[in-house]
Amino acid sequence: MNSTAFRPRGGGPSRGGITKRSTGRVRVDRDGDLDMDSPAGGARGGRGGGRGRGAFSRGGVPGSGPPRGPAADRPRGGGGSGAMRGNPRRDPVGTRAPRPTYQPPGRRPGGPHVNEGPTVEVRVEGWRESKGGADECISFLERKTKMTFKKTSKQGNTIILYVPLSKIGGILEWDNVQFASSHLRLTAPNLNNITSSIESRSNAIISQAAPKSRDTVDTIKTLEQVLANRYNIEAKILDLSKLGEDPLLKQNGFFELSSTTSKMFPALMQIADKRFQTAQQKRDTVHSVSLAYNSLKDLRAVTTLSVTFPDLKNLSLQGNLIEGWQALDSWRNRFKNLEQLVLMGNPLTRQPDYKQEAMRRFPALVMLDNVPLDRPAVKIGDEARRGAGPGASGMSGAVDEGGRPVMPLRTKGKFIQDDHGVAMGFLSTFFATYDNDKNAVLSQFYDSASTFSMSVNTSAPRVEAQQNTRQWWDPWIPISRNLKRNHSSGFMSARVFTGPDAIGHIWGEIPSFRHNLGNEELWSFDVWPIEVLGAGGIMVGGIMCCVHGEFEESNGDKFMKRSFDRTFILRPDANGAVKVGNDILVVRSYGGFESWKEEPEAPVPVQAPMAAPVGIPMAAPVGMPMAAAPVGMVQDPNMPQGQAAVAQTEQQQNMAKCFEFARRSGLKMEWAELCLTETGWNLEEGWTAFVQANAAGNIPQDAFDPNIPRPF
Amino acid sequence: MANSNGSKESHIRLAAEGAKRFVETYYPALNSDRTALASFYHPAASIVWNGNPIASGEAFAAFFASMPDSHYDVQSYDAQPMQFDVKGSCSFVLIVSGSVKYGELKEQRGFSETFVLKPVEVQPTRYLISTQGFRLVV
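None of these values were measured; they are calculated from a predicted model. (Residues numbered from 1 in each chain as written. Chains lettered and ligands numbered in written order. Predicted model: local features only at pLDDT ≥ 70, side-chain atom pairs only at ≥ 80, totals over all residues. Heavy atoms only, no water.)

Within chain B, the regular secondary structure consists of two helices and six strands. For chain B, the sequential pattern of α-helices and β-strands runs α-β-β-α-β-β-β-β. The long-range fraction of contacts in chain B, counting pairs at least 24 apart against all pairs at least 6 apart in sequence, stands at 53%. For chain B, the computed accessible surface area is about 4,900 Å², with 53% contributed by carbon and sulfur atoms. (Helix = DSSP H or I, 4+ residues; strand = E, 2+ residues; numbered from the N terminus. Contact = heavy atoms within 4.5 Å. Areas by Shrake-Rupley, 256 points an atom, 1.4 Å probe, with all protein chains shown as cover.)

In this section: the overall build of chain A. If you tally the helices and strands in chain A, you get 19 helices and 21 strands. Expressed as a percentage of the 712 residues in chain A, the buried residues total 55%. Of the contacts formed within chain A by residues at least 6 apart in sequence, a portion of 69% connects residues at least 24 apart. For chain A, the computed accessible surface area is about 30,100 Å², with 50% contributed by carbon and sulfur atoms. (Buried < 20%, exposed > 50% of the residue type's maximum accessible area, 1.4 Å probe, protein only.)

Glancing now at the nonpolar core. Counting residues in hydrophobic clusters, the biggest one holds 48 residues, and the most contacted among them are Leu 291, Leu 305 and Leu 315 of chain A. Secondary structure elements with two or more residues in this core: α4 (216-229), α5 (247-251), α6 (261-275) and α9 (354-361) of chain A. Tallying contributions element by element places α6 of chain A first for this core, with seven residues. Core analysis: the second largest hydrophobic core is formed by 45 residues, Met 454, Trp 473 and Ile 510 of chain A together with Val 138 of chain B among them. (Core = buried A, V, L, I, M, F, W, Y, C linked by side-chain atoms within 4.5 Å.)

All names here are of chain A. A sheet is described by the order of its strands in space; here seven strands give the open sequence β7-β8-β9-β10-β11-β12-β13, paired in mixed fashion. Only two strands of the sheet have a single neighbouring strand rather than two, namely β7 (231-232) and β13 (371-372). Sheet topology note: the strand β8 (residues 237-239)/strand β9 (residues 288-290) ladder contains three bridges and is parallel. Within the sheet, the bridge partner assigned to Leu 238 lies in β9 and is Val 289. (Pairing = 2+ DSSP bridges.)

Before going further, it helps to spend a moment on the sheet that holds strand β3 (residues 158-164) of chain A. Residue and element names in this part refer to chain A. The strand order β2-β3-β1-β6 describes an open sheet built from four strands, whose pairing is antiparallel. Of all the strands in the sheet, the pair left with one neighbour each is β2 (151-155) and β6 (185-187). Between one strand axis and the next, the sheet turns through 25 degrees on average, direction left out of account. (Axes fitted to C-alpha atoms, helices over the stretch in contact; angles between N-to-C directions.)

Think of an α-helix as turning once every 3.6 residues; residues three or four places apart then point the same way. Residue and element names in this part refer to chain A. Gly 499, Ile 503, Ile 506 and Trp 507 are the residues of helix α14 (residues 499-509) that are buried. Down the axis of α14, the buried side of the element spans an arc of 105 degrees, and every buried residue falls inside it. Facing away from the buried side of α14 by over 90 degrees, the exposed positions are Asp 501, His 505, Gly 508 and Glu 509. Buried residues belonging to α14 abut α11 (422-434), α12 (438-445), β15 (451-457), β16 (497-498), β20 (558-572) and β21 (578-589). (Arc of directions from axis to C-beta.)

So, about the packing of aromatic side chains. A complete count under the given rule lists 47 aromatic pairs over all chains for this structure. Ring centres 5.7 Å apart and planes at 10 degrees place the aromatic pair Trp 523 of chain A and Phe 525 of chain A in the stacked group. When sorted by exposure, Trp 523 of chain A lands in the same class as Phe 525 of chain A, which is buried. Where Tyr 26 of chain B meets Tyr 41 of chain B, the ring centres are 6.3 Å apart and the plane angle is 70 degrees; that geometry is what we call edge-to-face. (Phe/Tyr/Trp six-rings, centres within 6.5 Å; stacked < 30°, edge-to-face > 60°.)

Turning our attention to the interface of chain B and chain A. How big an interface is tends to be stated in terms of the accessible area lost upon association of its parts. Between chain B and chain A, the residue contacts involve 62 residues of the former and 73 residues of the latter. Of all residues in chain B, Gln 75, Gln 80 and Arg 135 of chain B bury the most surface against chain A, accounting for 11% of the area lost on that side. A salt bridge links Asp 526 of chain A to Arg 135 of chain B, with the nearest nitrogen and oxygen atoms 2.9 Å apart. For the pair chain B and chain A, the number of links is 29 residue pairs in polar contact (both at pLDDT 80 or more). Residue composition of the side of chain B that touches chain A, grouped by class: 28 nonpolar, 21 polar and 13 charged. (Buried area = accessible area lost by both parts, 1.4 Å probe. Salt bridge = Lys/Arg side-chain N within 4 Å of Asp/Glu carboxyl O. Polar contact = N/O pair within 3.5 Å; in protein donor to acceptor, adjacent residues only side chain to side chain. Nonpolar A, V, L, I, M, F, W, Y, C, P; charged D, E, K, R; others polar.)

Residues and elements named next belong to chain A. Backbone geometry at Lys 242 places phi at a positive 45 degrees, although glycine is not the residue there. In this structure, Lys 242 sits in the loop between β8 and α5. Of the residues examined, Lys 242 reaches a relative accessible area of 25% and is grouped as partly exposed. For Arg 495, which is not glycine, the phi dihedral falls at a positive 65 degrees. Mapping Arg 495 onto the fold places it in the loop between α13 (489-492) and β16. Look at Arg 495 and you get partly exposed, because its relative accessible area is 27%.

In this section: the pairing of β15 of chain A. All names here are of chain A. Most of β15 is tucked away: seven of the seven residues are buried. Relative to β16, β15 runs antiparallel, the two sharing two bridges. The residue of β16 that forms the bridge with Phe 452 is Phe 497. Across seven bridges, the pairing between β15 and β21 is parallel. In the strand pairing of β21, Thr 451 is matched with Asn 582.

This brings us to the packing of α11 of chain A against α12 of chain A. All names here are of chain A. Across the interface, α11 lies against α12 with an axial gap of 8 Å and an inter-helix angle of 150 degrees. One way to sum up the angle between α11 and α12 is to call them roughly antiparallel. The two elements α11 and α12 meet at a crossing, and its hand is left-handed. Contact residues: α11 offers Phe 426, Thr 429, Phe 430, Thr 433 and Tyr 434, while α12 offers Lys 438, Ala 440, Val 441, Gln 444 and Phe 445. (Parallel < 35°, antiparallel > 145°, perpendicular 65-115°, else oblique. Left-handed = near helix turned anticlockwise from the far one by under 90°.)

So, about the environment of Met 454 of chain A. Looking at where Met 454 of chain A falls in the secondary structure, it is placed in strand β15. It is 8.8 Å that separates the C-alpha atoms of Met 454 of chain A and Arg 566 of chain A, two residues lying 112 residues apart in sequence. Aside from chain neighbours lying at most four places away, what touches Met 454 of chain A is Trp 476, Ile 479, Ser 480, Arg 481, Leu 585 and Val 587 of chain A together with Asp 78 of chain B.

This part is about the pairing of β3 of chain A. Residues and elements named next belong to chain A. The buried fraction of β3 amounts to six of the seven residues, a majority that puts the element mostly inside the structure. Here six bridges tie strand β1 (residues 119-125) to β3, and the two strands are oriented antiparallel to one another. Within β3, the residue paired with Val 122 across the bridge is Leu 161. Direction of pairing for β2 relative to β3: antiparallel, over a ladder of five bridges. Residue Lys 151 lies in a different strand from β3, and its bridge partner there is Tyr 162. Hairpin remark: β2 followed by β3, antiparallel, with two residues in the connecting loop; positive phi at Gly 156, about 60 degrees.

The next point concerns the confidence of the model for chain B. Regions with low pLDDT should not have their predicted coordinates read in detail. This prediction gives chain B a mean pLDDT of 89; 92% of its residues lie at or above 70. Quick note on the complex model: pTM equals 0.48, ipTM equals 0.96. (pLDDT = per-residue confidence, 0-100.)

Take the state of the cysteines next. Within the structure shown, the criterion is met by zero disulfides over all chains. Looking at Cys 545 of chain A, it has no disulfide partner, and the nearest cysteine sulfur is the one in Cys 546 of chain A, 7.8 Å off. (Disulfide = S-S within 2.5 Å.)

Spelled out as C-alpha cells, the structure:
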C-alpha cells in the first residue's frame, strides 16, 4: 500500500493522546475488493497507490477528532461540522455505538432539500405489552435512533413510523430493543417492494450507460470494479478523476459511440449509492471525491453526487470546463459540510468574486484550491466588523490598554487543520515520550532521511524575572547552528544531523530537559497541511507543525527554565506511516506564554457610536480614546483623536470609510465608494474585492488617484 | 553512499545560502518596503499569522500594509533542505527567531517564524515563500 495521504494508526483518529497509543495497523488486501461492510480495523483496501494529485495529495484535510492530553485542542475552522468527524471505527459488539452524527431536527446533514428517497413504513409492535404508552414509545425511539419522526400513526397495537428510505437502516437496527419492560419489534414489510422498484430504476440508468454489446449485469460488474479500483479506504477517497483514461472502461468499450461519460457518471453514482448503503456508511467511508479532469462543463452528469454523499468534506473538480457559478447551481444548499474544494483549472476561477462566492455557497469551506481561506473562523459578522482585516481600523497609531499598538489581526489561539488528528497525535506522542525514551521516539518517527538541527538565540527577549539571570548557554553553543552568527562555508553545511543514529547521538549531547505536559496553556501549536516531496519523488501531503513552549533544563546542579520553538515537517513514508522529515529547534531565554493567548474580541458593540455620549468614548482608559474607537468606524489619521471617536451619522461614517479606503487603495473617491457600496460598506470585504479585482487587472488605470501612493 | 552524502552536504549548504539571502532581503522589506512584500510569495502560499490563516502573499502584503510601524530584528536563523533526491535545487525549511518593536514603543517582543521556501523553476537560486507560520512568542 502506497498511500500518499496520512492514515490514522489503527484505522481511526488518534484519540488516546498522551496516555493511549493505538497499536493496531490497518490490514490491507490487494485483491481490490470493495468491502464497505468491514469494520475499518480489518479493512480491505482498494487500489494501491493513492495518487499524488490535487487537493488530495495534501494529506491533511481540516479538522478531526482531537487527541487529548496536553497537546489536545479543538480543531478550528471546521465550520460547525465537528460532529461529522466521528471515529469511523464501528462498535465491535454491534452497531449501537452512540452516533456522532446527530443533528438537531431541521439541521439534518444535507439540509431539507436533499432527496432522501421514498418514505418507508416501519411497523412498531410490542409496546402494548410494556409499561409505556405510544407517545413514550415514539420519543424513546427518537432518542435511540437520534431521528425525528415527522409523521407517525397508530393502527391498533401497531405504531407506524414514516421514515425516509435513506434512514431505514438506522431504525431497523433497533429491532428487539428493550422498552419499559418489554421488547419492541420493528419491521418494514414493504421495504422489499420499494427497493426493488428503485433497483429497476437504477438498473435502467445503468443499462443506458452500457456499451452496445454488453448486458446490464456485466455493466454493473465492470462499474463496480472501476469503483473498487478507485476507492482508497485509508484515505477515504473516491477518485473518479480522468475517467476517460480508465483502462477498464476503455477495455470494456464504454466509450463507444452509444455510451458517453455523461451517461456513465449517473450509472457510477447508482452503483456507489448501492455500495455505501446507509448515510452513516457513506459518511464514514467516503470523505473525499475527486471528479478532476473529466471535461465537465456543468453538473448534469454528476448532480446526484450531492445526494449520495451529502456530507462530503473534500471535493475536487480540478481541470474541468466549468465556466460560471450557474453551472454549479444544482448543488446550491448542498454539501453543507464541505471543507475543501478544488476548482482550479476551470475558467470559473477567473471570476472576480470567485473566492467570496465559493465561501457563500459552501458555508463550511476552509480551503479553496489548496489555500486556507481567510474566513473569520468564529462569528463572521462580529469578527469582520471588529476590523479583523486589512483596511479596517487598528492602524494609524491606535493602541490597546497596555499601550501596545493595535494589530489589524488579533492574536488567535492554536490554528489546527489536522485530518484524523494525525499531527496532534504525533505531537502528543512525541512530547510525552521524548523526555523519557528518545530511542522510542526515534524508532517510531525518524527514518534515514529525517534531519534535525538546533540553534540558540542568546539575545531573545525574555520575561522580566529572567532579566538579570545568567543564562548558561555554554553547553548548547557547540551544536548551535545559528546562521546569523557564522557564514563560513564550512559552517553552512555543518551541524545538520540526518537519520535516527546521528540525531539520537546529538540528542544525547545537549543538556537534558523536561517538558511540562500538565498545563496546556504553556504550549502553542499551529498545524496545517503542506505539500512535500515524498518517497518516489512525487508530491504528497505533509503537515507543518509549529510548536512553541517551554522546558526545564537540568545541567549538573543548574536548573534553567527555557523557551523553545520547534518546527516539524511531517510526511508519510512508503508505508503511509507518519515520519518526521525535518525537525528544527530553537532554544532561547524564557519568554513566558502570554504572547500566544487568544486576544479577546473587542467588547464594543457595533451600534456604539449612536449610544455613546458625545466625548466619552466607550470603555476607554483615560487618555487613550483611540483604543476604544467604535467598531466599524474608521479613523482618519489626520483627525484629532478625540473627534475620531464621535462620528455621528451613518453618512458620515460611510464618508470616513470612503476616505480611508481611497487612501489605502489609491483609488479615486468615486471608485472607493463603488467598491464599498458593492460590498455593503464592509471595509474588509471591500478590500478583498479590490485586491482581487486589481490582481485580475479589472480596475482601469484612471480609477486610481495619481496623487495617492498605490499599495501595489 | 559517498555520493549521496556529497549531495546531501551540498543541499544543506544551498539551503543555508538561500536562507541567508532570504533573511537579508525579506526582513528589510518588512521594516521599510512593504510594497515589495507580495513579490516574495509563491502564488499558492499558505500563511498563518498569530493563529490567523491568510490566503495568499497578496493578501499578506495587503494585511501587512495596515500594520503599525514595525521593526524586526533577526537574532538567529537556521535552515534545512526538505529533501535530498532532487537534482540541483530543493525546497528548504527556515526557522527565524528574533525581536520586534511595533509603533513608537520601546518594548521588544519576541517572534518566531517558520518558512518553507521553494525554488523558482526557471531560476533555481531564487526562492519564493510557499508556507509561512508566524507567532509572537514573548
